[in-house]
Amino acid sequence: MSQPQLLLEPLSDQTKCRITSAFFSGSLYDPAQPQLWDDYFEYYEREIRRLCIGVGMSASDVGMLAARTHDDIILITQVLSGSRTQSRLTVRDELRAQHFGNNTETEVDRAMDLTVRLWLMINVRDEVSSVIIPHQNFVQWPEDMSLETLVSAHVCRRSSLQLSSRQSRLSPQFTVANMVKLCGLQLKWTESLEEHLRLDRRNKELYVFAYKTFLVQCLSSRNRGRAGPMPAPHGGSNLNDKIVPPAFLRETITTLNLLFPHWDPATQELLSGHNQEFHTIPPFAGPRRLDLGEFNYQWRDALFELYEEVYLAPADSWRQLWVDRRNPHQWYTFWIALVVLILSVVSCITSIIQAWASVKALNLQIAGG
């Protein structure tokens, strides 16, 4: 076996194969088709480089971490998966006792947080490292909480929103491309699964988790696990556990298909401008889901907020009034009323001019008489 790669070294194809095998339950990385994984491994390497911001660490001493190599990350993933119902404190003690006895608690904690970010794409950090990416939400993992509870509490939350049949129905025109064009919505991208569909009302910004390949592979790993595949290297059937429910993964993929339909020219143009191609990645799961009652996780709440606060909000500029034809009756009524108003103003001005001209002509006539 080749020498384990240090974290800041460029990833080799062999290391990528080991990572995908451990994270997604099977040797999925194909060096002949690297583009399938480009987005994910760009994120993976970028997240590791961020550890060096402002601290001047080298490849052999990166960010005060217990983990020094990618194999260390895989090892921690294996321990976290097997101890997913144990508290953070218990897992940390296990890691220190069996693998990282020469490291401090802080170094092991930060290695655990990094592993969760790389493995599950959930932005778990402490307050000190959160300053690396300012203005981004992050999740803190308490000492007495298990990883399974952390994920269910902060990421895979069940919706308690009760909606009537009428409130649950969405317009077929409910797409991000339409809301960008008609409602002034601004599109932002996030690398954190828990931030997906977060709406910043003040700035009218929608955050979207666009790593569809990651979601699809997480879901596929569950299917491979049930089919009983050959054991992956490093014991990796990690994403076949119950940390992230498959129903949650399917719903997340469905939100992307709903808001970014692959067949829509406006969506294609919008995403082309953002250098995104996730809308072309299957599965597409048949017709778009336009009933919020079909969503059981927090995406129901997020989509309802987006629909009410942005899509159904009245136009707030003349440009939006001009291009927004979602309600033809309202559009024609407004513009007919505006035309009548303009004609009335023109008629008044014309009457005033005519009256002035008549008075002037009368005065000239009197002066000439």
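None of the values given here were measured: they were computed from a predicted structure. (Residues numbered from 1 in each chain as written. Predicted model: local features only at pLDDT ≥ 70, side-chain atom pairs only at ≥ 80, totals over all residues. Heavy atoms only, no water.)

### Focus on unusual backbone geometry
With an omega of 10°, the peptide bond between Pro282 and Pro283 qualifies as cis. On the secondary structure map, Pro283 appears in the loop between helix H11 (265-273) and helix H12 (299-311). In this model, Met121 sits at a positive phi of 55°, which is unusual for a non-glycine residue. By the secondary structure assignment, Met121 is in the loop between helix H5 (105-120) and helix H6 (147-154). The backbone of Leu197 sits at a positive phi, close to 65°, despite the residue not being glycine. Along the polypeptide, Leu197 turns up in the loop between strand E1 (186-190) and strand E2 (198-200). The class for Leu197 is buried, based on a relative accessible area of 3%. (Helix = DSSP H or I, 4+ residues; strand = E, 2+ residues; numbered from the N terminus. Buried < 20%, exposed > 50% of the residue type's maximum accessible area, 1.4 Å probe, protein only.)

### Some details on the pairing of strand E3 (residues 205-209)
Buried residues dominate E3, accounting for 5 of its 5 residues. Residues Glu205, Tyr207 and Phe209 point to one face of E3 and Leu206 and Val208 to the other, with burial holding for every one of them. Relative to E3, E2 is paired through 3 bridges, and the arrangement is antiparallel. In the sheet register, Asp200 faces E3, and the bridge partner there is Glu205. Between E2 and E3, which pair antiparallel and follow one another directly, the connecting turn spans 4 residues, one of which, Lys204, has a positive phi of 55°. (Pairing = 2+ DSSP bridges.)

### Quick notes on the pattern of salt bridges
A complete count under the given rule lists 19 salt bridges for this structure. Between Glu47 and Arg125 there is a salt bridge; the shortest N-O distance is 2.5 Å. Placement of the pair is Glu47 in helix H2 (residues 38-49) and Arg125 in the loop between H5 and H6, with a sequence separation of 78 residues. Residue class for Glu47 comes out buried when judged on its relative accessible area of 2%. Linking Arg96 and Glu105 is a salt bridge whose minimum nitrogen-to-oxygen distance equals 3.8 Å. Assessed through its relative accessible area of 28%, Arg96 is described here as partly exposed. (Salt bridge = Lys/Arg side-chain N within 4 Å of Asp/Glu carboxyl O.)

### Topic: the confidence of the model for the chain
For the chain, the mean per-residue pLDDT works out to 84, and 81% of the residues sit at or above 70. Counting contacts from residues 54-61, a segment whose pLDDT is below 50, to residues more than four positions away or on other chains yields 9 contacts. Across residues 225-240 the pLDDT falls below 50, and counting only partners more than four positions away or on other chains, this stretch makes 32 contacts in the model. (pLDDT = per-residue confidence, 0-100. Contact = heavy atoms within 4.5 Å.)

### Digging into the environment of Gln167
By secondary structure assignment, the location of Gln167 is in helix H7 (residues 165-168). Using a relative accessible area of 38% as the deciding quantity, one classes Gln167 as partly exposed. Excluding residues that lie within four positions of it along the chain, Gln167 makes contacts with Gln162, Leu292 and Phe304. Looking at Gln167, its side chain comes within polar contact range of the main-chain nitrogen of Ser164, at 3.0 Å. (Polar contact = N/O pair within 3.5 Å; in protein donor to acceptor, adjacent residues only side chain to side chain.)

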